[in-house]
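Coordinate analysis (summary)
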Amino acid sequence: MPSTRRDLALGATAPFRDRPLGHYIDGQSVDGTGSLFPVFDPSTGESLGEARDATEGELDQAVAAATSAFDQWSRTPGNERKALLHKVADLIEARAEEIAAVECLDAGQTWRFMSKAALRGAENFRFFADRAPGAADGQALPTAGHLNYTTRSPIGPVAVITPWNTPFMLSTWKIAPALAAGCTVVHKPAEWSPYSARLLVEIAHEAGLPAGVFNAVNGLGETTGRRLTEHPDIKAVAFVGESKTGSAIMRQGSETLKRVHFELGGKNPVIVFDDADLDRALDAVVFMIYSLNGQRCTSSSRVLVQRSIHDTFIAKLIERVKQLKVGDPFDAATEVGPLIHQRHLEKVSSYAAVASGEGATVAVGGAPAGGQGYFYAPTLYTGADISMRIAQEEIFGPVLTAIVFDDEEDAIAKANAVDYGLAGYVWTRDLGRALRVSDRLEAGMIWVNSENVRHLPTPFGGVKASGIGRDGGDWSFDFYMETKNVALATGDHKIMRLGVAQ
Ligand code: NAD
């Protein structure tokens, strides 16, 4: 079975070994003429092919296509947008195995998670498709002498820039609401995992999306990404990636006053109190850092454990981490696959020396797992102090840092003592404490006695260095749409008369 899945992925990406992966502009595949960059298979380190960095002219063409398609698409009735986006979802479902296989090949994510992530992509399209007819809905705000009413209209052509960790799911999460709102899109996927974005744009056109509504350009961040965020005809940038890239995009877009929506990094705490259901907490702690190869923005990369249960909990944790199955991402039994790239493997690996140097213990792992690809052993650092780099920096790999705390105040102080604020996880049976801690944690999303279980109508996003804005439900439309107020006079209010003899 694993080799069949790998064959499926190799088949789907075969055209890009014969010819470099280019762009998709105005409903057409465009080979491109820009410089080439390599794409690697993270599980073998071998080349999967090459892709092209869009030239300035190609990027301009993509933005021009999105700009000219906007007039028609923004006025397409919501019901028609809804029907088209459901067709996109149908086709994603029909090709879910192939999409999942491409994610395993290109991003090194494991089959057990990717088979669900592809279907989640379809769900994202369905969720926002259903809301397209009501996207422009406003409010009536009557007052004496006037009826005020609000409407919403799509902001214009938008840029969507996505990272490499779960590329397909994240792209659909940003692109589906933009299209449902009536915006047109230029998407730039990450250069380390560009293939599933190509499948998505092809599927969208097969479903009947008009040319120019959804364009995809490949390229590097500092060239194509920068030009896209500086382009005067792009009205907003929806970005998922590192916090420092978010800062760069804010600078790049400042000249043209871009609206930005940022989903950035995290160093999320999971706080385990001594009254918690410790078996369930243990399952959740392991799941939330070692799934998706630890390359997950909402991963609980810091476990804060109450002193009274610390040693027994950590002992059990060590046993579980040692048993994690690292291997071929296509194998359904594999729990942890490779990291995305040699450079990322080097970054993640560098923290073992940092941990030891700072006085933490490398309880499990702490080194590459060997083999040809970019595998890193599931790692647990214990005895860490909150000031250490392993407790402060986003490592973005299967690496967990354990920190002890004494009481509620101490837990909250340690949880909040980082630059990030994306998610927080709290384990306790004390309802009052759950409410108090949730209230004081500096994070956009809190899960109590649970792992990261998403409900699409709820807001998703972070505070502090973890982001600006929220996605999900109507929050996505707030970003992709402009609100207008119309004040309609009933004719009986007194207008102040100027220039008239008193
Ligand atoms: P990254 O910031 O390096 O790259 C993300 C995208 O930005 C890529 O497409 C890249 O080409 C582009 N880019 C880079 N420099 C740019 C520039 N100057 N202008 C415009 N675009 C530019 O991030 P990454 O390494 O691909 O992804 C990992 C990061 O993403 C982690 O920090 C992770 O936490 C974050 N992430 C956040 C969420 C969330 O929802 N908060 C979700 C997934 C990943």
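Above this text sits the structure in question.
The rules we used
- Residues numbered from 1 in each chain as written.
- Predicted model: local features only at pLDDT ≥ 70, side-chain atom pairs only at ≥ 80, totals over all residues.
- Heavy atoms only, no water.
- Buried < 20%, exposed > 50% of the residue type's maximum accessible area, 1.4 Å probe, protein only.
- Helix = DSSP H or I, 4+ residues; strand = E, 2+ residues; numbered from the N terminus.
- Arc of directions from axis to C-beta.
- Contact = heavy atoms within 4.5 Å.
- Polar contact = N/O pair within 3.5 Å; in protein donor to acceptor, adjacent residues only side chain to side chain.

Comments concerning helix α16 (residues 431–440)
- Listed in full, the buried residues belonging to α16 are R433, A434 and V437. Relative to the axis of α16, the buried residues are bounded by an arc of 100° and lie together on one face. Among the exposed residues of α16, those pointing more than 90 degrees away from its buried face are L431, L435 and D439.
- Contacts made by the buried residues of α16 are with β12 (269–272), α15 (408–416), β18 (423–427) and β19 (445–448).
- For α16, the capping residue at the N-terminal end is D430, with a side-chain oxygen 3.0 Å from the backbone nitrogen of G432.

Concerning the side chain of T379
- Note on placement: T379 falls in strand β15 (residues 379–382).
- Note on T379: relative accessible area 0%, which makes it buried.
- At 2.7 Å, the side chain of T379 forms a polar contact with the backbone oxygen of A377.
- In contact with T379, other than residues within four places in its own chain, are Y290, V321, V364, G365, G366, A367, P398, V399 and L400.

Section: unusual backbone geometry
- Residue D26 is not a glycine yet carries a positive backbone phi of 55°.
- Considering the arrangement of structural elements, one finds D26 in the loop between β1 (23–25) and β2 (28–30).
- With phi around 50°, K464 is a residue other than glycine that occupies positive phi space.
- Relative to the assigned elements, K464 resides in strand β20 (residues 463–464).
- In this structure K464 comes out as partly exposed when scored by relative accessible area, which is 37%.

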